[in-house]
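Residue strings, one per chain:
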Amino acid sequence: MALVLTLRSAIDLPIDLSSIQPSILVSLSHQEVANRRVRIGKEEVPVGELFSLSGTLEDSTITLEGDFQAAEGIGRELVNGNIVVRGSVGSNAGQRMKGGTLSIEGNAGHAVGAAMAGGTIRVRGDAGDEVGFDAGRGVGMMGGTITIDGGAGRYVGRRIRRGTIAVRGSVGVGAMTDAIAGTVLVLGSCDRLAGSGMRRGSLLLLGDEATDILPTFGRGRNARPLMLSLLIPHLASFGFAIDHHLLRTDLRQYHGDQSALGLGEIFTRYQGGRD
(Lines give C-alpha, C1' and ligand atoms only; values in the text may rest on other atoms or scores of the structure.)
Protein backbone atom coordinates (compact mmCIF):
# COMPACT_ATOMS: atom_id res chain seq x y z
CA MET A 1 0.00 0.00 0.00
CA ALA A 2 1.21 3.50 -0.83
CA LEU A 3 1.20 6.58 1.34
CA VAL A 4 -1.29 8.84 -0.46
CA LEU A 5 -1.18 12.64 -0.17
CA THR A 6 -4.20 14.32 -1.78
CA LEU A 7 -4.31 18.08 -2.31
CA ARG A 8 -7.15 19.70 -0.39
CA SER A 9 -7.42 22.59 -2.88
CA ALA A 10 -5.63 23.99 -5.92
CA ILE A 11 -2.19 25.57 -5.42
CA ASP A 12 -1.29 28.76 -7.27
CA LEU A 13 1.92 29.75 -5.46
CA PRO A 14 5.25 27.98 -6.06
CA ILE A 15 5.64 25.07 -3.66
CA ASP A 16 8.72 23.02 -2.86
CA LEU A 17 7.84 19.34 -2.40
CA SER A 18 11.38 17.98 -2.65
CA SER A 19 11.24 16.68 0.93
CA ILE A 20 8.21 14.48 0.22
CA GLN A 21 9.95 11.20 -0.57
CA PRO A 22 10.06 7.67 0.88
CA SER A 23 13.50 7.75 2.50
CA ILE A 24 12.53 10.85 4.51
CA LEU A 25 9.01 9.85 5.55
CA VAL A 26 9.46 6.09 5.99
CA SER A 27 9.54 6.03 9.81
CA LEU A 28 6.95 8.77 10.41
CA SER A 29 3.33 8.45 11.51
CA HIS A 30 0.54 10.27 9.67
CA GLN A 31 0.59 12.96 12.32
CA GLU A 32 4.34 13.41 12.03
CA VAL A 33 4.07 13.68 8.24
CA ALA A 34 1.21 16.17 8.61
CA ASN A 35 3.35 18.28 10.96
CA ARG A 36 6.29 18.53 8.56
CA ARG A 37 6.56 21.91 6.90
CA VAL A 38 6.97 22.71 3.22
CA ARG A 39 7.65 26.06 1.59
CA ILE A 40 4.81 27.61 -0.40
CA GLY A 41 5.46 31.07 -1.76
CA LYS A 42 7.39 32.91 0.98
CA GLU A 43 5.93 30.88 3.85
CA GLU A 44 6.36 27.46 5.39
CA VAL A 45 3.16 25.59 6.21
CA PRO A 46 2.40 22.12 7.65
CA VAL A 47 1.84 19.35 5.13
CA GLY A 48 -1.50 18.62 6.80
CA GLU A 49 -2.86 22.05 5.81
CA LEU A 50 -2.32 21.26 2.14
CA PHE A 51 -2.93 17.51 1.97
CA SER A 52 -5.16 14.81 3.36
CA LEU A 53 -3.22 11.62 4.14
CA SER A 54 -4.10 7.95 3.80
CA GLY A 55 -2.33 4.62 3.37
CA THR A 56 1.15 3.60 4.46
CA LEU A 57 4.68 3.41 3.12
CA GLU A 58 4.86 -0.38 3.32
CA ASP A 59 5.80 -0.69 -0.37
CA SER A 60 8.09 2.41 -0.32
CA THR A 61 5.67 4.32 -2.58
CA ILE A 62 4.29 7.83 -2.16
CA THR A 63 1.33 8.83 -4.34
CA LEU A 64 0.59 12.52 -4.87
CA GLU A 65 -2.92 13.30 -6.10
CA GLY A 66 -3.84 16.65 -7.62
CA ASP A 67 -2.51 19.30 -9.98
CA PHE A 68 1.13 20.05 -9.13
CA GLN A 69 2.04 22.41 -11.97
CA ALA A 70 3.08 24.99 -9.35
CA ALA A 71 5.26 22.45 -7.54
CA GLU A 72 9.02 22.46 -8.05
CA GLY A 73 11.53 19.70 -7.40
CA ILE A 74 9.22 16.74 -6.85
CA GLY A 75 11.57 13.77 -6.44
CA ARG A 76 14.67 15.97 -6.19
CA GLU A 77 17.68 13.84 -5.13
CA LEU A 78 15.48 10.75 -4.82
CA VAL A 79 17.65 7.84 -3.71
CA ASN A 80 15.21 4.93 -3.54
CA GLY A 81 11.54 4.08 -3.46
CA ASN A 82 8.80 5.30 -5.76
CA ILE A 83 6.89 8.53 -6.23
CA VAL A 84 3.72 8.47 -8.33
CA VAL A 85 2.11 11.77 -9.32
CA ARG A 86 -1.50 11.53 -10.47
CA GLY A 87 -1.41 14.87 -12.24
CA SER A 88 1.02 17.27 -13.88
CA VAL A 89 4.16 18.70 -12.26
CA GLY A 90 6.21 21.88 -12.49
CA SER A 91 9.90 22.42 -13.15
CA ASN A 92 12.91 20.35 -12.03
CA ALA A 93 11.02 17.18 -11.17
CA GLY A 94 13.54 14.43 -10.50
CA GLN A 95 16.45 16.87 -10.35
CA ARG A 96 19.71 15.13 -9.34
CA MET A 97 17.92 11.80 -8.79
CA LYS A 98 20.22 8.96 -7.82
CA GLY A 99 17.79 6.03 -7.76
CA GLY A 100 14.18 4.99 -7.42
CA THR A 101 11.29 5.73 -9.77
CA LEU A 102 9.35 8.93 -10.42
CA SER A 103 6.16 8.34 -12.41
CA ILE A 104 4.26 11.40 -13.67
CA GLU A 105 0.83 10.61 -15.07
CA GLY A 106 0.36 14.09 -16.55
CA ASN A 107 2.78 16.59 -18.07
CA ALA A 108 6.19 17.63 -16.74
CA GLY A 109 7.55 21.17 -16.75
CA HIS A 110 10.96 22.53 -17.60
CA ALA A 111 14.15 20.50 -16.88
CA VAL A 112 12.63 17.19 -15.80
CA GLY A 113 15.45 14.90 -14.67
CA ALA A 114 17.96 17.75 -14.53
CA ALA A 115 21.45 16.32 -13.88
CA MET A 116 19.98 13.01 -12.72
CA ALA A 117 22.55 10.28 -12.07
CA GLY A 118 20.36 7.19 -11.66
CA GLY A 119 16.86 5.86 -11.36
CA THR A 120 13.91 6.12 -13.74
CA ILE A 121 11.52 8.92 -14.67
CA ARG A 122 8.35 8.11 -16.60
CA VAL A 123 6.29 10.96 -18.04
CA ARG A 124 2.93 9.88 -19.45
CA GLY A 125 2.22 13.26 -21.06
CA ASP A 126 4.48 15.96 -22.52
CA ALA A 127 7.67 17.47 -21.11
CA GLY A 128 9.03 21.02 -21.32
CA ASP A 129 12.41 22.33 -22.44
CA GLU A 130 15.87 21.03 -21.50
CA VAL A 131 14.97 17.51 -20.44
CA GLY A 132 17.89 16.27 -18.32
CA PHE A 133 19.73 19.60 -18.20
CA ASP A 134 20.48 21.59 -15.03
CA ALA A 135 20.92 25.18 -16.23
CA GLY A 136 21.98 26.43 -12.78
CA ARG A 137 24.96 24.10 -12.70
CA GLY A 138 25.48 23.93 -16.45
CA VAL A 139 25.50 20.12 -16.47
CA GLY A 140 23.41 17.50 -18.19
CA MET A 141 22.07 14.09 -17.33
CA MET A 142 24.68 11.73 -15.85
CA GLY A 143 22.80 8.43 -15.68
CA GLY A 144 19.42 6.77 -15.41
CA THR A 145 16.50 6.59 -17.84
CA ILE A 146 13.79 9.10 -18.80
CA THR A 147 10.83 8.00 -20.93
CA ILE A 148 8.27 10.48 -22.26
CA ASP A 149 5.08 9.21 -23.88
CA GLY A 150 4.21 12.59 -25.38
CA GLY A 151 6.49 15.21 -26.92
CA ALA A 152 9.15 17.48 -25.44
CA GLY A 153 10.44 21.01 -25.95
CA ARG A 154 13.80 22.46 -26.90
CA TYR A 155 17.26 21.08 -26.08
CA VAL A 156 16.29 17.58 -25.03
CA GLY A 157 19.41 15.90 -23.65
CA ARG A 158 21.52 19.05 -23.64
CA ARG A 159 25.06 18.21 -22.38
CA ILE A 160 24.04 14.66 -21.56
CA ARG A 161 27.00 12.63 -20.30
CA ARG A 162 25.41 9.24 -19.57
CA GLY A 163 21.96 7.70 -19.49
CA THR A 164 19.02 7.37 -21.86
CA ILE A 165 16.16 9.66 -22.87
CA ALA A 166 13.33 8.26 -25.04
CA VAL A 167 10.55 10.48 -26.45
CA ARG A 168 7.57 8.98 -28.26
CA GLY A 169 6.40 12.28 -29.72
CA SER A 170 8.19 15.19 -31.38
CA VAL A 171 10.90 17.41 -29.91
CA GLY A 172 12.00 21.00 -30.45
CA VAL A 173 15.21 22.62 -31.61
CA GLY A 174 18.66 21.50 -30.47
CA ALA A 175 18.15 17.89 -29.38
CA MET A 176 21.35 16.55 -27.78
CA THR A 177 23.18 19.89 -28.10
CA ASP A 178 26.75 19.76 -26.71
CA ALA A 179 26.32 16.10 -25.76
CA ILE A 180 29.32 14.45 -24.13
CA ALA A 181 27.92 10.90 -24.40
CA GLY A 182 24.64 9.09 -23.68
CA THR A 183 21.65 8.14 -25.82
CA VAL A 184 18.57 10.08 -26.97
CA LEU A 185 15.80 8.41 -29.00
CA VAL A 186 12.97 10.32 -30.69
CA LEU A 187 10.07 8.51 -32.38
CA GLY A 188 8.38 11.70 -33.63
CA SER A 189 9.77 14.61 -35.63
CA CYS A 190 12.85 16.60 -34.60
CA ASP A 191 13.42 20.30 -35.20
CA ARG A 192 16.64 21.82 -36.56
CA LEU A 193 20.14 21.85 -35.01
CA ALA A 194 19.98 18.26 -33.82
CA GLY A 195 23.32 17.20 -32.33
CA SER A 196 24.91 20.64 -32.55
CA GLY A 197 28.26 20.58 -30.74
CA MET A 198 27.96 16.86 -30.07
CA ARG A 199 31.20 15.20 -28.90
CA ARG A 200 30.10 11.60 -28.39
CA GLY A 201 26.84 9.77 -27.92
CA SER A 202 24.00 8.45 -30.06
CA LEU A 203 20.95 10.35 -31.31
CA LEU A 204 18.32 8.13 -32.92
CA LEU A 205 15.74 10.09 -34.93
CA LEU A 206 13.29 7.38 -35.92
CA GLY A 207 10.21 9.38 -36.89
CA ASP A 208 8.61 9.29 -40.34
CA GLU A 209 9.41 12.92 -41.14
CA ALA A 210 12.68 13.97 -42.77
CA THR A 211 15.29 15.55 -40.49
CA ASP A 212 17.74 18.23 -41.58
CA ILE A 213 21.24 17.10 -40.63
CA LEU A 214 23.86 19.77 -39.94
CA PRO A 215 26.62 20.04 -42.58
CA THR A 216 29.17 19.41 -39.81
CA PHE A 217 28.03 15.77 -39.73
CA GLY A 218 29.59 13.42 -42.25
CA ARG A 219 27.53 10.75 -43.97
CA GLY A 220 28.34 7.21 -42.84
CA ARG A 221 27.04 3.89 -44.07
CA ASN A 222 23.52 2.58 -43.84
CA ALA A 223 23.41 0.34 -40.79
CA ARG A 224 21.30 -1.63 -38.36
CA PRO A 225 22.86 -0.44 -35.10
CA LEU A 226 23.45 -3.20 -32.56
CA MET A 227 22.54 -0.78 -29.79
CA LEU A 228 18.86 -0.93 -30.85
CA SER A 229 18.71 -4.63 -30.01
CA LEU A 230 19.75 -3.69 -26.46
CA LEU A 231 17.82 -0.43 -26.19
CA ILE A 232 14.40 -1.75 -27.27
CA PRO A 233 14.06 -4.38 -24.49
CA HIS A 234 15.60 -1.98 -21.97
CA LEU A 235 12.91 0.61 -22.67
CA ALA A 236 10.18 -2.03 -22.86
CA SER A 237 10.99 -2.99 -19.26
CA PHE A 238 9.85 0.53 -18.31
CA GLY A 239 6.64 0.30 -20.34
CA PHE A 240 8.01 2.20 -23.35
CA ALA A 241 7.31 -0.16 -26.25
CA ILE A 242 8.98 0.27 -29.65
CA ASP A 243 8.05 -1.56 -32.85
CA HIS A 244 10.55 -4.41 -33.30
CA HIS A 245 10.51 -3.94 -37.08
CA LEU A 246 13.11 -1.22 -36.49
CA LEU A 247 15.58 -4.01 -35.76
CA ARG A 248 15.20 -5.02 -39.41
CA THR A 249 15.40 -1.50 -40.82
CA ASP A 250 18.55 0.02 -42.29
CA LEU A 251 19.15 3.46 -40.80
CA ARG A 252 21.16 6.32 -42.27
CA GLN A 253 24.20 7.09 -40.15
CA TYR A 254 26.01 10.42 -39.70
CA HIS A 255 29.19 11.17 -37.72
CA GLY A 256 29.86 14.45 -35.90
CA ASP A 257 29.66 17.12 -34.80
CA GLN A 258 32.95 17.75 -36.62
CA SER A 259 33.06 21.26 -35.20
CA ALA A 260 33.48 19.58 -31.77
CA LEU A 261 35.19 16.27 -30.96
CA GLY A 262 33.11 14.66 -33.70
CA LEU A 263 32.75 11.14 -32.28
CA GLY A 264 28.97 11.26 -31.97
CA GLU A 265 26.49 9.59 -34.28
CA ILE A 266 23.02 10.36 -35.57
CA PHE A 267 20.80 7.65 -37.04
CA THR A 268 17.74 8.57 -39.12
CA ARG A 269 15.07 6.66 -41.00
CA TYR A 270 14.75 9.41 -43.60
CA GLN A 271 17.58 11.51 -44.86
CA GLY A 272 16.25 15.02 -45.27
CA GLY A 273 18.19 18.08 -46.29
CA ARG A 274 21.16 16.49 -48.09
CA ASP A 275 22.78 13.28 -49.22
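See the structure shown above.
Residues numbered from 1 in each chain as written. Predicted model: local features only at pLDDT ≥ 70, side-chain atom pairs only at ≥ 80, totals over all residues. Heavy atoms only, no water.

Right, let's talk about the pattern of salt bridges for a bit. In this structure the tally under the stated criterion is 11 salt bridges. Two residues, E65 and R86, come together in a salt bridge whose shortest N-O distance is 2.6 Å. On the criterion of sequence distance, the pair formed by E65 in strand β6 (residues 61-65) and R86 in strand β8 (residues 82-86) is long-range, its members being 21 residues apart. Judged by its relative accessible area of 23%, E65 falls in the partly exposed class. When its relative accessible area of 45% is taken as the criterion, R86 is described as partly exposed. When the shortest N-O distance is used, the salt bridge between R158 and E130 registers 2.8 Å. One end of the pair, R158, is in the loop between β11 (142-148) and β12 (162-167); the other, E130, is in the loop between β10 (120-123) and β11, with 28 residues separating them in the sequence. You can call R158 partly exposed: its relative accessible area is 23%. (Salt bridge = Lys/Arg side-chain N within 4 Å of Asp/Glu carboxyl O. Helix = DSSP H or I, 4+ residues; strand = E, 2+ residues; numbered from the N terminus. Buried < 20%, exposed > 50% of the residue type's maximum accessible area, 1.4 Å probe, protein only.)

Attention shifts here to the environment of C190. Looking at the element boundaries, C190 is found in the loop between β13 (183-186) and β14 (202-205). Ignoring any residue separated from it by four or fewer positions in sequence, one finds C190 in contact with V171, A175, L205 and T211. (Contact = heavy atoms within 4.5 Å.)

If you walk through the whole model with that rule in mind, you get one aromatic pair. A ring pair is formed by F51 and F68, whose centres lie 6.2 Å apart and whose planes are at 15 degrees; its orientation type is stacked. Here F51, found in strand β5 (residues 51-55), pairs with F68, found in the loop between β6 and β7 (71-72); they are 17 residues apart in sequence, far enough to count as distant. Here F51 falls in the buried class, since its relative accessible area comes to 1%. Cation over ring: R158 sits above Y155, and NZ or CZ is 5.3 Å from the ring centre. Its guanidinium or amino end placed over the ring of F240, R168 lies 4.2 Å from that ring's centre, counting from NZ or CZ. (Phe/Tyr/Trp six-rings, centres within 6.5 Å; stacked < 30°, edge-to-face > 60°. Lys NZ or Arg CZ within 6 Å of the ring centre and 35° of its normal.)

On to the nonpolar core. Generally speaking, nonpolar side chains in soluble globular proteins are found buried as a group. Counting residues in hydrophobic clusters, the biggest one holds 61 residues, and the most contacted among them are F68 and I74. For this core, the element with the most residues is strand β1 (residues 3-7), which contributes three residues. Not counting residues within four places of it along the chain, the set of residues in contact with F68 comprises L7, L17, F51, I74, V85, S88, V89 and G90. Membership of the second largest hydrophobic core comes to 13 residues, among which are L204, F240, L246 and L251. (Core = buried A, V, L, I, M, F, W, Y, C linked by side-chain atoms within 4.5 Å.)

Sheet topology note: the strand β15 (residues 218-223)/strand β16 (residues 251-256) ladder contains four bridges and is antiparallel. For N222, the partnering residue across the bridge sits in β16 and is R252. With five bridges joining them, β16 and strand β17 (residues 264-268) adopt antiparallel strand pairing. Bridge assignment links R252 to a residue of β17, and that residue is T268. (Pairing = 2+ DSSP bridges.)

Owing to a relative accessible area of 10%, E130 belongs among the buried residues under this scheme. Among the polar contacts made by the side chain of E130, one reaches the side chain of R158 at a distance of 2.8 Å. With sequence-adjacent residues up to four places away left out, E130 is seen in contact with H110, A111, A135, R154, Y155 and R158. (Polar contact = N/O pair within 3.5 Å; in protein donor to acceptor, adjacent residues only side chain to side chain.)

Attention now moves to unusual backbone geometry. Residue D257 follows G256 across a cis peptide bond; omega there is -5 degrees. Secondary-structure assignment places D257 in the loop between β16 and β17. Positive phi, close to 60 degrees, is recorded for M176, a residue that is not glycine. Positionally, M176 belongs in the loop between β12 and β13.

Taken by themselves, the reported measurements are silent on function.
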